[in-house]
Amino acid sequence: DKLVLAHQLGHWAMKVVLMHSVLQYKDKYQIPRVIDRIGFVRSRLRLQEHEQHLLDISLMAMDPKPDPSNFLYNPDFDTALRPNGTAGICFERAASTKLMEIYFRTEKDADAWRDDAYRHYGLHKTACPPPRAVYMLRSGTRPRTIRNFERLAGVLRSVGVTEVERVLISGSNSSLAQADFFASTGLLISVHSSQLASLVFSQPKSAVIEVNPFFFNSVFALEGKTMGLHYGISLGGRPASFAARNEDLPEPARECNYQKYKVGECKKEKIWTEWINEDFDADVEAFREQARLAVEHLDSVCGGPGKWWGQRKRT
């Protein structure tokens, strides 16, 4: 429940969206046709608005739909499953997933989720991603702001993206506003943030550039890949405290990347947590390469060089 409180989308979405995916394989998992009860491990019995919408979308995969009055909300299910727990919970069949990094089994499952989500909100899919570029900002006291973003905006202009909006999306936005924001953005630039869980509402083939001074994890990259998005990670630069001392990050932090992370070669040190929420200066040249790849991808989806951003002129 602390995870739900701290990362409204990042963890709640991961679980209910995965439930929608699992329900695509009722026969494989021998899931009963009629499900009359769902248990949730959480102490807050009342769902936030966006949490409720995410759950409603996942329940669209159920026919017939369970009666919400039969749902169980209990903070003690986890302790009940431990060897030293008190009351026990028994299952005829059980399937488990890793805590992190799984939203969908396949891209087909992601398409099924997107179809239900767009139907739920009244959104529409587009063959060519919307010609809109956004730098998504974080709220709160740990914004991880890209201090030199004006230089990155200049890089985007050099590849034909003449306007970049700056938009703050948070739990204070309505559920529809959050879904519509992602569905209306063709190129999203963001630091590593639980807001990226809402990539589940993105248009097919849209593009994301995650910008960080060092590698965090692959949660949202894997989510984006399964959603059929182009997902680039721009690494490098220096957190503010290092820039103030004109020092570079230690080698383990500089050397960790997506490829090494996938095969377990990153040696993350505990001290990294001291820098994780600092504002930072991004590596401009690393971003330049990711911007080029993202725009080339969008143009290829939309029919050729200049076609993606060129939609703006036609509208």
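Rules used throughout
- Residues numbered from 1 in each chain as written.
- Predicted model: local features only at pLDDT ≥ 70, side-chain atom pairs only at ≥ 80, totals over all residues.
- Heavy atoms only, no water.
- pLDDT = per-residue confidence, 0-100.
- Contact = heavy atoms within 4.5 Å.
- Core = buried A, V, L, I, M, F, W, Y, C linked by side-chain atoms within 4.5 Å.
- Buried < 20%, exposed > 50% of the residue type's maximum accessible area, 1.4 Å probe, protein only.
- Helix = DSSP H or I, 4+ residues; strand = E, 2+ residues; numbered from the N terminus.
- Pairing = 2+ DSSP bridges.
- Right-handed = clockwise from strand over helix to strand, strands pointing away.

## Focus on the confidence of the model for the chain
Phase 1 of the analysis: Looking at the chain as a whole, its pLDDT mean stands at 84, while 84% of the residues score no less than 70.
Phase 2 of the analysis: Below pLDDT 50 for its whole length, residues 1-6 participates in eleven contacts with residues either more than four positions away or in separate chains.

## Examining the nonpolar core
Phase 1 of the analysis: One finds Leu55, Tyr103, Trp113 and Phe201 to be the most contacted residues of the largest nonpolar core, which totals 52 residues.
Phase 2 of the analysis: Put simply, the parts of the chain that give this core at least two residues each are helix H2 (12-22), helix H4 (49-59), helix H6 (107-121), strand S3 (133-137), helix H8 (175-183), helix H9 (219-226) and strand S7 (230-235).
Phase 3 of the analysis: It is H2 that contributes the most residues to this core, six residues altogether.
Phase 4 of the analysis: Those residues in contact with Leu55 that lie beyond four places of it in its chain are Trp12, Val16, Met19, Phe40, Leu47, Phe71 and Tyr73.
Phase 5 of the analysis: Residues Val161, Ile209, Phe280 and Leu298 belong to the second largest nonpolar core, which totals 27 residues.

## Let's talk about the pairing of strand S6 (residues 207-212)
Phase 1 of the analysis: Most of S6 sits out of view: six of its six residues are buried.
Phase 2 of the analysis: Burial along S6 is two-sided: Ala207, Ile209 and Val211 and Val208, Glu210 and Asn212, pointing in opposite directions, are all buried.
Phase 3 of the analysis: Bridge count between strand S5 (residues 187-190) and S6: four bridges; the pairing is parallel. In the strand pairing of S6, Ile189 is matched with Ile209.
Phase 4 of the analysis: Chirality of the crossover, the property in question, places the unit of S6, H9 and S7 among those that are right-handed.

## A closer look at H9
Phase 1 of the analysis: In terms of burial, H9 is largely enclosed, as six of its eight residues are buried.
Phase 2 of the analysis: Looking only at H9, the buried set comprises Val219, Phe220, Ala221, Glu223, Gly224 and Thr226.

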